[in-house]
Amino acid sequence: MHRPPYLSLTAVLACLLAAVSCAPHPPAPFGACPTPQQVAWQQMEMNLFCHFGPNTFTGAEWGDGTEPEDSFNPADLDCRQWAATARAAGFQGIIVTAKHHDGFCLWPSPESRHTVAHSRWRDGQGDVLRELSDACAAEGIRFGIYISPWDRNDPRYGSPEYNDAFVRTLESVLDGTYGPVFEQWFDGACGEGPDGKKQVYDWPRFFDTVRRLQPDAVRFSDVGPDCRWVGNEQGAAGRSNWSTLRVEGFEPGAGSPQTAVLNGGTPGAPHWAAAEADVSIRPGWFWRASETEKVKSVQELLKIYYETVGRNALLLLNVPPDTRGRLDPVDSLRLMEFRAALDTVFAVDLAAGATVTGPSRGAGFEAANVLADDYGRYWAQPDGMVRGKLTLSFDTPRTFNRVLLQEYIPLGQRISAFHVDALDADGTWREIARETTVGYKRIVLTPDVTALAVRVVIDDALACPTLSRIGLFNDTVYCATGN
Ligand code: FUL
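Along each chain, residues carry numbers from 1 onward, in the same order as the chain's sequence is written. Two thresholds apply to this predicted model, a pLDDT of at least 70 for residue-level local features and 80 or more for giving and counting side-chain atom pairs, whereas whole-chain, interface and lining totals are computed over all residues. To obtain the side-chain values, all non-hydrogen atoms of the structure were used and water was disregarded.

> What is the right way to read the nonpolar core from this model?
Nonpolar side chains tend to gather and get buried jointly when the protein is soluble and globular. If you look at the biggest cluster of nonpolar residues, it comprises 71 residues, and the most contacted ones within it are Trp82 and Ile94. Ignoring sequence-local partners within four residues, the contact set of Trp82 consists of Cys50, Phe52, Leu77, Ile94, Val96, Val128, Leu132, Pro321, Gly325, Arg326 and Leu327. Formed by 32 residues, the second largest nonpolar core is a distinct cluster that contains Phe49, Val218, Leu245 and Trp272. We define the nonpolar core as a collection of buried residues of types Ala, Val, Leu, Ile, Met, Phe, Trp, Tyr and Cys that are connected through side-chain atoms lying within 4.5 Å of one another. Three exposure classes are used, based on accessible area relative to the maximum for each residue type with a 1.4 Å probe and protein chains only: buried under 20%, partly exposed in between, and exposed over 50%. Pairs of residues are marked as contacts when any of their non-hydrogen atoms sit within 4.5 Å.

Here's what the structure looks like:
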């Protein structure tokens, strides 16, 4: 008997509809979740910080604002070299100290006479922000701005007029003159003594100014609003590191939470402000010839990488240009060695090809998603199932000492306790790591392990956990094991 074609079409549509309605939904977002801009920012992982200004020439760390404008006089500024070095070393963006505490502006700010426009450099026609933003665009690197609220030059500092001037200062940098700005860095430092000037900062207005002019920019301060200080300048996030933070009642600078809180965040807090770890490749923030022999080693940089990127924080590594206006060859070479070390360690994911088993909430959220090189594909269990176990089995034993985990953070940070077991050749499961948070990225350092299978056990989570990635790597460059 002939079946009219429209019937079979109807049947096909009905089946499709049934399949769609039965397909499992993603878990509902849990608690505070990052905006797409915050996710994109976290995925940058490593950015360069460039401290550059009169201090580069005077040797000071904190200029007092009385330095003659002519003290800033780079002999051979080459921002393209900064950007090309950053790109080659795998850094995604550069943040430059457009105005440090001495108040000197690296661009011709209409708000100040303490600027490049009042210096002899390039007959007062120079503009470091112009050159750097152009160089970043040419190299495919994102451009970010540090502007210190504390200003030791501006006579208005300490009065309400200063807040107005500061907003206009921000506007002259963020109004599009220099293109898109990915991050605005607000330094909370203020070294005024007991008799010093006291400025009551209008933080909400400062933050709103950035949001208004650069809607995609992430705003950094000790307490966010979009990302937070990690609480130290050593390049170390907490072993437990939540991207959520309790911010009510706090403000940048002296009013910020204790550094231990900044270091680890607050589990389940209603505000998303992931940690950013600023640390210098040199002892100081500004370049000094005398510190070139103290540039951090590859081993030190790898330790920092594991304790920042590997602990759910963004690494902002300061590599200060020298008096020529170029990155010092010693620093640039070290960056390339660091890059080569990372490439060596992470070249081969030993989890590839494993058979992955574990319960999932259904089609689209299977355990095997943790091997996919696609952040948007992740493993998830049914709602309410907060404990879980994923087992990776291999045909032949794998030797590794790094376990890389990634949560799918657009749905919030959920995992609060996990451990990792390895199956020995003699058939015994042995615990090789026990930790707490994962977040965007967690790299656990284990002893050298040879295993036929590995299982990642989620012991607790604030909501049903997600995992976008499990990777196994063997680091023969940086051999320390402790976390
Ligand atoms: C601190 C400043 O006082 C240092 O000079 C440096 O800029 C560092 C990144 O932030 O608060």
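Okay, back to it.
> Before we go on, may I ask you to explain the site of the ligand in this structure?
Contacts to the ligand come from Phe49, His51, Trp62, His100, His101, Tyr146, Asp187, Ala189, Glu233, Asp278 and Trp285. A 3.5 Å cut-off defines polar contacts: any pair of N or O atoms within that distance qualifies, except that in protein one atom must be a possible hydrogen donor and the other a possible acceptor, and neighbouring residues in sequence count only when both atoms are side-chain atoms. Contacts to the ligand include His100, whose side-chain N or O atom sits 2.9 Å from an oxygen atom. One nitrogen or oxygen atom from the side chain of Tyr146 is found 3.5 Å from an oxygen atom belonging to the ligand. Protein chains shield 91% of the accessible area of the ligand, which is 290 Å² for the free molecule. Charged residues are taken to be Asp, Glu, Lys and Arg, nonpolar residues to be Ala, Val, Leu, Ile, Met, Phe, Trp, Tyr, Cys and Pro, and polar residues to be all remaining types, Gly included. Grouping the amino acids of the shell around the ligand by side-chain chemistry returns five nonpolar, three polar and three charged. Whether a residue is near a molecule or strand depends on its heavy atoms: it is near if one of them lies within 4 Å of it. The accessible surface values rely on the Shrake-Rupley method and a 1.4 Å probe; as for residues, cover is taken only from the protein chains in view.

> Teacher, can you tell me more about the domain arrangement of the protein here?
When the parts of a complex come together, some accessible area is lost, and that lost area is often used as the size of the interface. Domain annotation for the protein reports domain 1 (36-345) and domain 2 (355-473). The domain limits used here are those given by an automatic or database domain assignment. The distance between the C-alpha centroids of domain 1 and domain 2 comes to 35 Å. At the junction of the two partners, domain 1 supplies 18 residues and domain 2 supplies 22 residues. Summing the contributions of domain 1 and of domain 2, the shared interface buries around 1700 Å²; its carbon and sulfur component is 57%. Values labelled buried area give the accessible surface lost by two parts on being combined, using a 1.4 Å probe and summing over both. Contact with domain 2 buries area across many residues of domain 1, yet Arg239, Trp242 and Tyr306 alone supply 33% of it, more than any other trio. Just to be clear on terms, a salt bridge is a Lys or Arg side-chain nitrogen sitting within 4 Å of an Asp or Glu carboxyl oxygen. Taken together, the connections running from domain 1 to domain 2 amount to two salt bridges.

> Even after reading the chapter, I still don't get the packing of helix H4 (residues 79-88) against helix H5 (residues 128-139), so can you show me in this structure?
A packed helix pair is summarised by two numbers, namely the angle formed by the two axes and the spacing between the axes. To obtain each axis, a line is fitted to C-alpha atoms, and for helices this fit is confined to the stretch in contact; angles are then taken between N-to-C directions over 0 to 180 degrees. The secondary structure listing takes helices from DSSP runs of H or I that are at least 4 residues long and strands from runs of E that are at least 2 residues long, numbered from the N terminus. Where H4 meets H5, the closest approach of the two axes is 8 Å, and the angle between their N-to-C directions is 35°. Viewed along their axes, H4 and H5 form a crossing whose handedness is right-handed. Note on element contacts: H5 touches H4 through Val128, Glu131, Leu132, Ala135, Cys136, Ala138 and Glu139, opposite Cys79, Arg80, Trp82, Ala83, Ala84 and Arg87. When the residues that make up the contact of H4 with H5 are grouped by side-chain class, the tally is nine nonpolar, no polar and four charged. Crossing handedness is read from the near helix: turned anticlockwise from the far helix by less than a right angle, it gives a left-handed crossing, and turned clockwise, a right-handed one.

> Whenever I open this one, the side chain of Gln381 confuses me. Can you help?
Mapped onto the fold, Gln381 is located in the loop between strand E10 (379-380) and strand E11 (388-406). A polar side-chain atom of Gln381 sits 2.9 Å from the main-chain carbonyl oxygen of Met385. Within the structure, Gln381 has its side chain in polar contact with the backbone oxygen of Arg387 (distance 2.8 Å). Beyond its immediate chain neighbours, meaning those up to four positions away, Gln381 contacts Pro359, Ser360, Arg361, Val386, Arg387, Gly388, Lys389, Cys464 and Pro465.

> Where do I start with the pattern of salt bridges in this structure?
Once their charged atoms are close, side chains differing in charge can pair, the charge on each being opposite to the other. In this structure the tally under the stated criterion is 34 salt bridges. A salt bridge links Arg212 to Glu171; the shortest N-O distance between them is 2.9 Å. Taken as a pair, Arg212 in helix H7 (residues 203-213) and Glu171 in helix H6 (residues 160-174) lie far apart in primary sequence, 41 residues in all. With relative accessibility at 51%, the residue Arg212 sits in the exposed group.

> Can you help me understand the pairing of strand E3 (residues 142-147) in this one?
The side chains of a regular strand alternate between the sheet's two faces. Of all the six residues making up E3, five are buried; the element is thus mostly covered by neighbouring parts of the structure. Strands are labelled as partners when DSSP assigns at least two bridges between them. Examined bridge by bridge, strand E2 (residues 93-99) and E3 share six bridges and lie parallel to one another. Each residue of the ladder has a partner; that of Thr97, found in E3, is Tyr146. Sheet topology note: the E3/strand E4 (residues 183-186) ladder contains three bridges and is parallel. The partner of Ile147 across the bridge, within E4, is Phe186. Crossover connection from E3 via H6 to parallel E4: handedness right-handed. Orienting the strands away from the viewer, one traces the path from the first strand over the helix to the second; a clockwise path indicates a right-handed crossover.

> How should I be thinking about the packing of H6 against H7 in this particular structure?
One way to put it is that H6 packs onto H7 with a least axis distance of 10 Å and a crossing angle of 20°. When the interaxial angle is binned, H6 and H7 end up roughly parallel. Once H6 is placed against H7, the crossing between them reads as right-handed. The segment H6 lies against H7, with Asn163, Asp164, Phe166, Val167, Leu170, Glu171 and Leu174 engaging Arg205, Phe206, Thr209, Val210, Arg212 and Leu213. Class assignment for the residues of the contact of H6 with H7 results in seven nonpolar, two polar and four charged. For this classification, under 35 degrees means roughly parallel, over 145 means roughly antiparallel, 65 to 115 means roughly perpendicular, and everything else is oblique.

> Looking at this model, I keep getting lost on the pairing of strand E14 (residues 442-461). Mind explaining?
In terms of burial, E14 is largely enclosed, as 15 of its 20 residues are buried. Here E11 pairs with E14 via 13 bridges, running antiparallel. Paired with Gly388 across the strands is Ile458, a residue of E14. As paired strands, strand E12 (residues 415-423) and E14 are joined by eight bridges and run antiparallel to one another. Residue pairing in the sheet places Leu423 in a bridge with Ala453 of E14.

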